[in-house]
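# Fold and contact review
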Amino acid sequence: MAESAEAPKLVYLVTGGCGFLGEHVVRMLLEREPRLRELRVFDLHLSPWLEELKTGPVQVTAIQGDVTQAHEVAAAVSGAHVVIHTAGLVDVFGRASPETIHKVNVQGTQNVIEACVQMGTRLLVYTSSMEVVGPNIKGHPFYRGNEDTPYEAVHKHPYPHSKAQAERLVLEANGRKVHGGLPLVTCALRPTGIYGEGHQIMRDFYHQGLRLGGRLFRAIPASVEHGRVYVGNVAWMHVLVARELEQRAALMGGQVYFCYDKSPYKSYEDFNMEFLGPCGLRLVGTRPLLPYWLLVLLAALNALLQWLLRPLLLYAPLLNPYTLAVANTTFTVSTNKAQRHFGYEPLFSWEESRTRTILWVQGMEASAQ
Ligand SMILES: NC(=O)C1=CN([C@@H]2O[C@H](COP(=O)(O)OP(=O)(O)OC[C@H]3O[C@@H](n4cnc5c(N)ncnc54)[C@H](O)[C@@H]3O)[C@@H](O)[C@H]2O)C=CC1
Ligand SMILES: C[C@@H](CO)CCC[C@@H](C)[C@H]1CC[C@H]2[C@@H]3[C@H](O)CC4=CC(=O)CC[C@]4(C)[C@H]3CC[C@]12C
């Protein structure tokens with residue numbers, strides 16, 4: 001390729017670059033974007049592993065900053081050619097207030113857009129979520145749907161609400177004139193439930209299983225399918241989109257793409273067992289051990305306890321009415337839009353994604369001993 005022989009000249013900014021997905025995007029860019037000259041990693045909390053990346057041929061600049069602070073975002077964006085905006089407050093457990101979620105996810109995204117416009121940065125890739133579509137509060141299944149499948153998206157919870165608002169802002173900004181007069185080109189990627197090395201909820205389930213003597217108890221029927229996608233493939237999609245956005249602006253600008261790969265369609269719990277099983281955990285029950293009405297009651301009780309205890313402490317268990325509804329509603333995607341629009345093929349096969357994730361869980365096991 002002629003272009004890879006040229007001197008690297010592009011400056012990329014990854015917001016949330018120290019998060020679960022952000023770290024994979026950062027590493028993927030360093031491995032697979034030959035045009036990269038400088039990579040700016042912007043995050044509220046900078047991780048120590050960034051140091052080891054600074055010794056490579058690409059200049060890695062760590063920027064501790066807050067997306068809710070417009071001036072910090074503008075300074076980080078200044079001179080960048082591409083912004084990949086993954087920073088967000090991922091909270092469906094009631095840890096943060098709805099106002100904080102809105103501030104980070106919506107106001108933060110608006111700040112990123114304005115910074116691009118002000119600083120003349122033309123390319124913006126936004127990490128959205130399947131949650132902007134559903135599952136909706138009515139529990140309607142979304143079965144092997146694609147970007148054009150009609151679905152009644154109704155949001156009550158602050159997290160999906162904020163992601164939907166932010167996604168709309170990003171898509172509406174497509175075509176806005178940036179400083180220098182050229183049009184901004186934006187698009188949004190919608191991962192389903194991401195898994196892989198660094199996945200906090202997988203970690204939580206693993207430790208819970210260990211505490212319960214190597215067992216987890218089935219709570220959700222095996223027939224409820226939940227869409228999952230490997231973090232390395234989500235990162236690869238971000239890299240590809242960022243690379244192709246300028247050349248294919250007319251086709252890709254203002255578009256949304258689900259993130260998908262060859263991960264099998266399974267229930268949330270059965271899918272987790274693909275990794276936790278080989279690490280010694282067992283899922284007890286072929287059917288849910290508790291009746292659904294009892295789970296609904298427990299989830300409601302957790303929500304009540306959270307509210308009552310809030311003045312004293314933060315009680316934020318995994319089970320609440322929202323997480324139960326999401327886990328208990330089929331939501332799977334089947335699409336090839338990313339392949340058609342920018343030639344995406346998963347970089348990691350299902351077998352590879354599975355092996356890498358298992359090795360990571362086994363690594364946790366070893367370090368705990
Ligand atoms: N984890 C998942 O299954 C899915 C995640 N997503 C989206 O992917 C993106 C990344 O999510 P994860 O990596 O899972 O979450 P994460 O919590 O691991 O990463 C988010 C990063 O954003 C940073 N951040 C938070 N607030 C910030 C602020 N005010 N200023 C600067 N940085 C801030 C955090 O420090 C963190 O490093 C989010 O936008 C999320 O909505 C979408 C679909 C599924
Ligand atoms: C009822 C419990 C019995 O074991 C299981 C509870 C599992 C839940 C904590 C998860 C089930 C589905 C997950 C969500 C889903 O993968 C979609 C998501 C997309 C995002 O953008 C952010 C994360 C999440 C909301 C994810 C969060 C955890 C679950 C609700």
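Just above, that's the structure.
Residues numbered from 1 in each chain as written. Chains lettered and ligands numbered in written order. Predicted model: local features only at pLDDT ≥ 70, side-chain atom pairs only at ≥ 80, totals over all residues. Heavy atoms only, no water.

### A word on the pattern of salt bridges
Short version of the rule: Basic side-chain nitrogens of Lys or Arg form a salt bridge, by our definition, when they fall within 4 Å of a carboxyl oxygen of Asp or Glu. Partly exposed residues are those whose accessible area sits between 20% and 50% of the maximum for their type, while under 20% is buried and over 50% is exposed, using a 1.4 Å probe and protein chains only. Labels follow the DSSP assignment, with helices taken as runs of H or I lasting at least four residues and strands as runs of E lasting at least two, numbered in each case from the N terminus.
Counted under the stated rule, the structure contains 17 salt bridges. Between Lys54 and Glu51 there is a salt bridge; the shortest N-O distance is 3.2 Å. Owing to a relative accessible area of 37%, Lys54 belongs among the partly exposed residues under this scheme. The salt bridge involving Arg356 is made with Glu197; its shortest N-O contact spans 4.0 Å. Of this pair, Arg356 sits in helix α14 (residues 350–368) while Glu197 sits in the loop between β8 (193–195) and α7 (200–211), and the two are 159 residues apart along the sequence. Sharing partners across several salt bridges, the network here consists of Glu23, Arg27 and Glu52.

### Concerning a nonpolar patch on the surface
We count it as follows: Every patch collects residues that have over 30% relative accessible area and no salt bridge, joining them within 9 Å if they carry like charges and within 5 Å if they are nonpolar side chains (Val, Leu, Ile, Met, Phe, Trp, Tyr). Every accessible area reported is derived by Shrake-Rupley at a probe size of 1.4 Å, with residue values counting cover from the shown protein chains alone.
Together, Leu212, Phe217, Leu289, Leu290, Leu298, Leu301, Leu304, Leu305, Trp307 and Leu308 line one region of the surface with nonpolar side chains, adding up to about 910 Å² of accessible area. Mapped onto the fold, Leu301 is located in helix α11 (residues 292–309). Here Leu301 falls in the partly exposed class, since its relative accessible area comes to 46%.

### Here we look at the site of ligand 1
The criterion, for reference: Any residue with a heavy atom positioned within 4 Å of a molecule or strand is treated as near that molecule or strand. The definition of a polar contact used here is a pair of N or O atoms within 3.5 Å, where within protein one atom must be able to donate a hydrogen and the other to accept one, and adjacent residues in sequence count solely through side-chain atom pairs. Classes in brief: Ala, Val, Leu, Ile, Met, Phe, Trp, Tyr, Cys and Pro nonpolar; Asp, Glu, Lys and Arg charged; the others, Gly included, polar.
If you check the shell around ligand 1, you find 25 residues, and the closest are Leu21, Asp43, Asp66, Tyr159 and Lys163. Taking Asp66, its side chain carries an N or O atom lying 2.9 Å from a nitrogen atom of ligand 1. Breaking the shell around ligand 1 down by element, the ones donating at least two residues are α2 (20–32), α6 (158–173) and β8. When grouped by side-chain class, the residues that make up the shell around ligand 1 number eleven nonpolar, eleven polar and three charged.

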